[in-house]
Amino acid sequence: MKKGLIIEGFVQRIDFPNKGVVETQDGDVCIVKNALPGQKVRCSVNKVRKGKAEGRLLDILEPSPLEIGSPCPHFGECGGCLYLSFPYEEQLKIKEMQVEKLLDQVLCRQENYDFEGIKASPICYGYRNKMEFSFGDEIKDGPLSLGMHKRGSFYDVVYVKDCQIVDEDYRKILSCVRDYFHELREEGVDVSFYHRLRHVGYLRHLLVRKASMTGEILIALVTTTQRPMRLDENESVKPDVNIDEQADGKMEEESLETRVLDGFKRRLLELPLDGQITGILHTKNDSLADVVQSDDTEILYGKDYFYEELLGLKFKISQFSFFQTNSRGAEVLYQTAREYISDYIKTSQNENTQPDKVVFDLYSGTGTIAQLMAPVAKKVIGVEIVEEAVEAAKKNAELNGLHNCEFIAGDVLKVIDEIEERPDIIILDPPRDGIHPKALDKIIRYGVEQILYISCKPTSLVRDLEVFLERGYGVERAVAVDQFPWTGNVETICLLSRKP
C-alpha cells in the first residue's frame, strides 16, 4: 500500500463510527469512511502509517446485498445519515457488534459481564427533536441554500427538503425560511450567508426544536451583527459622508433589519403546522468558529423556551439546553438507567425504610437523569458546567415537585472538591470525549459501590473503562441503546461495581 494508490475491494465490516474495512483481492486492507458492509468500492489511499492504510471513497462499484434503497433523495449527498439504505434491523446488528467488540477489547481481563445487546428506538423516522440547519451555497458562488453540510465538505450545503429523520413541520419550516430569504434577494435586499473564510455575511444558522410529546416548537434565526443592506449599495455607510449622513445610514440599516425579521416571523406564523410555535428568536453570533451560540438573543415572538415530557416528568427547554435529540428513544435510555440503579438500591435497603442513598449526577445537563432518580434516592446532586442548563434543571425540579435535588454550576473537576456530602452512587453522562483524567481520578477515589456510566461515544467509554478496571472496578451489565437511527452513533450504558 502506497499513498496515491487506487484500489478496489469489498467492505468486510464497519468499525465505530463509520470506518469501513476494505479488503482487496491481494489481502491488503484499507480503512475507508462512509462505505457500507458488503459494498464493492474503489478508493484512493491517502495515508499509510505503521502499516495501516486509510483511503478516500471514490466510487461504489457494487451495492451491498443488504441494501434495499433509501427513502430519502438526499442520502449519500447529505452528511447526516450512514445506514439509510439498510433495513433498520441490520443497522441494529452492526451497532450491537461494534459496541460489544469495543467492550470486549477492554473487558477481556475480567471474568465475565452481562452484555444485553441493543435496544431499538421506538421510532426510526421523524425522531429528531432538534436540528441545526446551515446557510450556504450548494456549489461555489451558487444561489443561497439552507440545510445540512454535504458529506465530506466543510462549505457546501445541501437543501434537505425531504429529510426523513425529522417530521413534516421541520420540512415546512426549512422550505419557508429558505424561500423567504430567496425572495428578499430578488427584491434587492442583500441577505447573504456568512462566509467562514472571509468572515462577511449575515445569515448563519436556523435552529429548530420541537417537543415530540407536547408538539411545542422553538425557532431561532442565527445571524452575525452585520446587517442586511440594499444590493445597489456597495457599502452601508460611505467613508466620505458627514456624521449626520452616517447616522442616517445606520438607522436605515436597523430599520431594514427590523423589516426583514418582521417578515421572517410573519411567514413562520402563517405556516400550517401540526405542532404549535411557542417562540421565535433572533440570535446574534459573531464567533469565528462554525458553532451555534449566542452573543445576544432577542425574542421576536412568544417566549424563549418550550416544554417536553419524559416518563411522567415535565422539562423546560431553551434554545441551547442539552436534551437528548430523540425524546422517545430517551425514554428507553433513561428507563434502562433507572432500572439499573433501582435494582441496586432495592437490594441494599429494606423495603420499609425511607430512601437513604445520596446520588451524584455528574455532567447532569438539564437534570433529566437526576430527577428520574430522585424518587428512589435520599438526595440527588447534579453538577453541570453550563450555567443555563443548571438554571433550567432547578426550574424543572421545582416544576415536577422534586425537593431532594440540588444542582451546582461548574466544572466537575473542581466542584466535587467543594461538595460536603459523600455519594453512595455516581451517575456519569459526560460529553462525547469522555471524562477528564484528573476528574476521573477524583471520582474513583470516592470508592462508591456502584457507578452508572452513560456514553454517547463508545470509544471514549472504553478508554475510561480501562482506568476503572485498573482501579478496582468491574462491569456488571452493559447495553447499547439506539438513540440515533440511520447514523453511525449509538449510546451505551454500563453498570460498574467496586470489587473486593
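Note that the structure is a prediction, hence the values are computed from the model and not measured.

Colleague: Before we go on, may I ask you to explain the confidence of the model for the chain in this structure?
Modeller: When pLDDT is low, close inspection of the predicted coordinates is not appropriate. Of the residues in the chain, 94% have a pLDDT of 70 or more, and the chain-wide mean is 90. A low-confidence stretch, residues 234-247 stays under pLDDT 50, and its non-local contacts, those more than four residues away or across chains, total nine contacts.

Colleague: When you look at the sheet that holds strand β12 (residues 216-223) in this model, what are you seeing that I'm missing?
Modeller: Within a sheet, adjacent strands bond to each other through the backbone by hydrogen bonds, running parallel or antiparallel. Taken in spatial order, the seven strands make up an open sheet running β9-β8-β7-β11-β12-β14-β15, and their pairing is mixed. A strand with exactly one partner marks an edge of an open sheet, and here the two such strands are β9 (157-158) and β15 (296-302).

Colleague: Is there a simple way to think about a negative patch on the surface in this case?
Modeller: Negative charge collects at one region of the surface, where D262, D286, D295, D296 and E298 lie side by side. Position of E298 relative to the elements: it lies in strand β15. The class for E298 is partly exposed, based on a relative accessible area of 38%.

Colleague: How should the sheet that holds strand β24 (residues 491-498) be read in this particular structure?
Modeller: With mixed pairing, the eight strands of this open sheet are ordered in space as β6-β23-β24-β22-β21-β18-β19-β20. Bordering the open sheet on either side are β6 (114-119) and β20 (405-409), each of which pairs with just one other strand. This sheet shows a mean twist of 15 degrees between the axes of neighbouring strands, independent of strand direction. Note: β6 against strand β23 (residues 473-481), four bridges, orientation parallel. Paired with K119 across the bridge in β23 is V481. Against the sheet, helix α6 (residues 387-399) touches β19 (379-384) and β20, its axis set at about 165 degrees to β20.

Colleague: Looking at this structure, I do not really get empty space enclosed by the protein. What am I missing?
Modeller: Space left empty within the atom packing is revealed by a probe, the size of a water molecule, rolled over the atoms. Throughout the structure, instances matching the rule amount to one cavity of 30 Å³ or more. Estimates place the volume of the largest cavity at around 50 Å³. Around the largest cavity, the lining residues are S134, F135, Y194, R196, L203, R204, H205 and D290. Looking at the lining of the largest cavity, the elements with two or more residues in it are β7 (130-137) and β11 (203-210). Broken down by element, the lining of the largest cavity gets its largest block of residues, three residues, from β11. Its residues assigned to classes, the lining of the largest cavity comprises three nonpolar, two polar and three charged.

Colleague: I would appreciate a short explanation of the packing of helix α1 (residues 88-107) against helix α9 (residues 458-470) in the present structure.
Modeller: Each pair of packed helices can be described by the angle between their axes along with the distance between the axes. Across the interface, α1 lies against α9 with an axial gap of 9 Å and an inter-helix angle of 20 degrees. The angle between the axes of α1 and α9 places the two elements in the roughly parallel class. Note that α1 runs across α9; the crossing there is right-handed. Along its contact with α1, which presents V99, L102, L103, V106 and L107, the element α9 presents P458, T459, L461, V462, L465, E466 and L469. Split into classes, the residues belonging to the contact of α1 with α9 amount to 10 nonpolar, one polar and one charged.

Colleague: Where do I start with the environment of G447 in this structure?
Modeller: Along the chain, the position of G447 falls in the loop between α8 (437-445) and β22 (450-455). A residue is classified by how much of its surface remains accessible, and G447, at 24% relative accessible area, is partly exposed. Considered as a pair, G447 and I426 are 21 residues apart in the sequence and their alpha carbons are 10.0 Å apart. Apart from the residues lying within four places of it in its own chain, the contact partners of G447 are Y473 and R498.

Colleague: How do you make sense of the layout of surface pockets when you look at a structure like this?
Modeller: One number sums up the size of the second largest pocket: a volume of about 720 Å³. Taken together, 26 residues make up the lining of the second largest pocket; nearest its centre are I31, V32, K33, N34 and G55. Looking at the lining of the second largest pocket, the elements that each hand over two or more residues are β3 (29-33), β4 (40-49) and β5 (52-62). Classifying every residue of the lining of the second largest pocket gives 10 nonpolar, five polar and 11 charged.

Colleague: Honestly, the pairing of strand β14 (residues 276-284) in this entry has me stumped. Any pointers?
Modeller: On any regular strand, side chains alternate: one points to one face of the sheet, the next to the other face. Burial analysis of β14 places seven of its nine residues in the buried class, the great majority of the element. Across eight bridges, the pairing between β12 and β14 is parallel. If you follow T223 over to β14, its bridge partner there is K284. Pairing geometry for β14 and β15, over six bridges, is antiparallel. Bridged to H282 within β15 is E298.

Colleague: Before we go on, may I ask you to explain the pattern of salt bridges in this structure?
Modeller: Overall, the coordinates contain 27 salt bridges when judged by the stated rule. Across the pair R42 and D59 runs a salt bridge whose closest N-O atoms are separated by 3.0 Å. A residue pair is termed long-range when its members are at least 10 positions apart, and R42 in strand β4 and D59 in strand β5 qualify at 17 residues. The salt bridge involving R477 is made with E116; its shortest N-O contact spans 2.8 Å.

Colleague: Hey, could you run me through the packing of aromatic side chains in this one?
Modeller: Note on aromatic pairs: each is described by the distance of the centres and the angle between the planes. Inspection of every chain in the model, using the stated rule, returns 10 aromatic pairs. Judged by centre distance (6.4 Å) and plane angle (50 degrees), the rings of Y83 and F86 are tilted. For Y83, a relative accessible area of 0% translates into the label buried. Its relative accessible area of 1% is what places F86 among the buried residues. Every member of this aromatic cluster is reached through a ring pair, and the members are F135, Y180, F181 and F264. Sitting above the plane of the Y194 ring, R204 keeps its charged end 4.2 Å from the centroid. Sitting over the face of the ring of Y305, K316 holds its NZ or CZ atom 4.1 Å from the ring centroid.

Colleague: How do you make sense of α1 when you look at a structure like this?
Modeller: Each turn of an α-helix holds 3.6 residues, which means side chains three or four residues apart point in the same direction. The end-to-end C-alpha distance of α1, which contains 20 residues, comes to 28 Å, matching closely the 28 Å that a straight helix rising 1.5 Å per residue would cover. Those residues of α1 that sit buried are Y88, E90, Q91, L92, I94, K95, Q98, V99, L102, L103, V106 and L107. Lining the buried residues of α1 we find β1 (6-15), β6, α9, β23 and β24.

Colleague: It is not clear to me how a nonpolar patch on the surface should be interpreted in this structure. Could you clarify?
Modeller: Taken together, the side chains of M1, L5 and V48 make up a nonpolar region of the molecular surface, amounting to roughly 210 Å² of accessible area. Summarising the element assignment, V48 is placed in strand β4.

Conventions we followed
Residues numbered from 1 in each chain as written. Predicted model: local features only at pLDDT ≥ 70, side-chain atom pairs only at ≥ 80, totals over all residues. Heavy atoms only, no water. pLDDT = per-residue confidence, 0-100. Contact = heavy atoms within 4.5 Å. Pairing = 2+ DSSP bridges. Helix = DSSP H or I, 4+ residues; strand = E, 2+ residues; numbered from the N terminus. Patch = residues over 30% accessible without salt bridge, like charges linked within 9 Å, V, L, I, M, F, W, Y side chains within 5 Å. Areas by Shrake-Rupley, 256 points an atom, 1.4 Å probe, with all protein chains shown as cover. Salt bridge = Lys/Arg side-chain N within 4 Å of Asp/Glu carboxyl O. Lys, Arg positive; Asp, Glu negative; His and termini not counted. Charge placed at Lys NZ, Arg CZ, Asp CG, Glu CD. Buried < 20%, exposed > 50% of the residue type's maximum accessible area, 1.4 Å probe, protein only. Axes fitted to C-alpha atoms, helices over the stretch in contact; angles between N-to-C directions. 1 Å grid on protein atoms, 1.4 Å probe; cavity = no way out; pocket = protein on both sides within 12 Å on 5 of 7 lines; lining within 4 Å. Points joined across faces, edges and corners; volume = space filled by probe spheres on them. Nonpolar A, V, L, I, M, F, W, Y, C, P; charged D, E, K, R; others polar. Parallel < 35°, antiparallel > 145°, perpendicular 65-115°, else oblique. Left-handed = near helix turned anticlockwise from the far one by under 90°. Phe/Tyr/Trp six-rings, centres within 6.5 Å; stacked < 30°, edge-to-face > 60°. Lys NZ or Arg CZ within 6 Å of the ring centre and 35° of its normal. Expected span 1.5 Å × (residues − 1).

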